[in-house]
Amino acid sequence: MDEPTRTLVVFHAHPDDEALLTAGTMARTAAAGHRVVLVVATDGALGLTDEASFGTKGDALASTRSRELAASARALGVARTVELGYADSGSGPQVSADPPGGRRFVRVPVDEAAEALCGVLLQERADVLTTYDPRGGYGHRDHVRVHEVGARAAELARERGLPVRVLWATVPRDLICRAIDLVARVYRFPPEFDRSSFDRAFVAGAEITHRVPVRGFAAAKRASMRAHASQGADSGGGDRTLGLLVRIPRPLYDLVFRREWFVDPDVPAGTTRTDVFEGLA
């Protein structure tokens, strides 16, 4: 009997986050004939960028990043993209004042944002929702809020009869630390890059429950990264992490990004699954 068509909803904080953490899984899922819905919480208007090329922070950058998000979604086979429209909360020591007519994501009550996301889950009859781990990966305040909002939205959906599975999109910290140390031998990371932060970021490898092979979709993931051109360099023309990654030679790129990782908080640590829908009724 044919497998049923499923729906995967991926929830991210900013345009370009999907390219880094879930693009391969999204492309793989779409190629298998399933429905992929991308939900992004903020406009990304406070992202670092080369302002001479892409405009200053604010509405101009938000418009650019929305167009980039649409291009990334096309490259991955996404069926629907939803921008919740909250203002980027930024990564500085203080949260900036709300912009005219908007609210920083971290100032939006969790239940309010969760209701908006739950509405998408119910409309789409979602089988799986991806969010972030409790640390928000590397600790960005908007990423932590995605974890909180995603968890609450899933609770609300379940209360209304939709048994959606939640997976945390993440990276094994031991693996990423080894990779960063290796790259640092030949590349000088930009000033804002804090190597020590990765010692406490993401999750331990032993916590991973899903290791999804995506090497066959490396070209789509690379196209998704390239779509977010505004995030490739800072205002001084220096490389940002995304700009570095898209220049990795293709054979090495395919090797580095051959897998994506998730944690299902409802199954025992150490479970080994290779598909986000595996085990669903």
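Under the annotation held in an unreviewed UniProt entry, the protein chain carries the name PIG-L family deacetylase and is attributed to Janibacter terrae.

Draft legend 1. Highlighting the packing of aromatic side chains. Under the criterion given, the structure shown has 2 aromatic pairs. Centroid distance Y86 to F105: 5.5 Å. Interplanar angle 15°. Geometry classified as stacked. Taken together, the positions of Y86 in strand β3 (residues 80–86) and F105 in the loop between β3 and α5 (110–124) put the pair 19 residues apart, joining distant regions of the chain. Residue classification places Y86 among the buried residues on the basis of a relative accessible area of 11%. A residue is classified by how much of its surface remains accessible, and F105, at 0% relative accessible area, is buried. Aromatic pair Y253 and F257: ring centres 4.6 Å apart, planes at 45°, arrangement tilted. Classification of F257 as buried rests on a relative accessible area of 13%. Geometry around Y253 places R222 over its ring, the cationic atom sitting 4.7 Å from the centre.

Draft legend 2. Geometry of the pairing of strand β2 (residues 35–42). Burial within β2 is extensive, with 7 of its 8 residues counted as buried. Pairing geometry for strand β1 (residues 7–12) and β2, over 6 bridges, is parallel. Bridge pairing links F11 to V39 in β2. Direction of pairing for β2 relative to β3: parallel, over a ladder of 5 bridges. Looking at β3, one finds that T42 is bridged to Y86.

Draft legend 3. Examining the nonpolar core more closely. If you look at the biggest cluster of nonpolar residues, it comprises 66 residues, and the most contacted ones within it are F11, V39, F105, L121 and F198. Once you skip the residues sitting within four places of it in the chain, F11 turns out to touch V39, A41, L84, F105, L117, L129, T130, T131, Y132, V146, V149 and G150. Counting 9 residues, the second largest nonpolar core, distinct from the first, contains A19, M225, L245 and F257.

Draft legend 4. The pattern of salt bridges, seen in detail. Applying the stated criterion across every chain, the model contains 16 salt bridges. With its nearest N and O atoms 3.4 Å apart, the salt bridge here joins R6 to D127. Placement of R6 in the segment before β1 and of D127 in the loop between α5 and β4 (128–132) is noted, with a sequence separation of 121 residues between them. Accessibility classification places R6 together with D127 in one group, the buried group. One network of salt bridges, with partners in common, ties together D111, R152, E155 and E159.

Draft legend 5. Highlighting the sheet that holds β2. In space, the 7 strands of this open sheet follow the order β3-β2-β1-β4-β5-β7-β6, with mixed pairing throughout. Sheet topology places β3 and β6 (210–213) at the edges, where each strand pairs with a single neighbour. Strand-to-strand twist in this sheet, taken as the mean axis angle between neighbours without regard to direction, amounts to 25°. In the packing of helix α7 (residues 141–159) onto the sheet, the strands contacted are β1, β2, β4 and β5 (165–170), and the crossing angle to β4 comes to about 155°.

Draft legend 6. View of helix α4 (residues 59–76). Compared with the 26 Å implied by 1.5 Å per residue over 18 residues, the 26 Å span of α4 between its first and last C-alpha is a close match. Restricting attention to buried positions, one finds in α4 the residues L61, A62, T64, R65, E68, L69, S72, A73 and L76. One or two positions beyond α4, positive phi appears at G77, with a value near 80°.

Draft legend 7. Structural context of the environment of D181. Position of D181 relative to the elements: it lies in helix α8 (residues 173–183). For D181, a relative accessible area of 39% gives the class partly exposed. As for D181 and A13, which are separated by 168 residues in sequence, their C-alpha atoms are 27 Å apart.

Draft legend 8. Fine view of helix α9 (residues 218–227). For α9, the tally of buried residues reaches 7 of 10 residues, placing the bulk of the element in the interior. The set of residues buried in α9 consists of A218, A220, K221, R222, S224, M225 and A227. Those residues of α9 that are buried are in contact with α1 (17–21), α2 (23–31), α4, α10 (241–245), α11 (250–256) and β7 (259–263).

The rules behind the values
- Residues numbered from 1 in each chain as written.
- Predicted model: local features only at pLDDT ≥ 70, side-chain atom pairs only at ≥ 80, totals over all residues.
- Heavy atoms only, no water.
- Phe/Tyr/Trp six-rings, centres within 6.5 Å; stacked < 30°, edge-to-face > 60°.
- Helix = DSSP H or I, 4+ residues; strand = E, 2+ residues; numbered from the N terminus.
- Buried < 20%, exposed > 50% of the residue type's maximum accessible area, 1.4 Å probe, protein only.
- Lys NZ or Arg CZ within 6 Å of the ring centre and 35° of its normal.
- Pairing = 2+ DSSP bridges.
- Core = buried A, V, L, I, M, F, W, Y, C linked by side-chain atoms within 4.5 Å.
- Contact = heavy atoms within 4.5 Å.
- Salt bridge = Lys/Arg side-chain N within 4 Å of Asp/Glu carboxyl O.
- Axes fitted to C-alpha atoms, helices over the stretch in contact; angles between N-to-C directions.
- Expected span 1.5 Å × (residues − 1).

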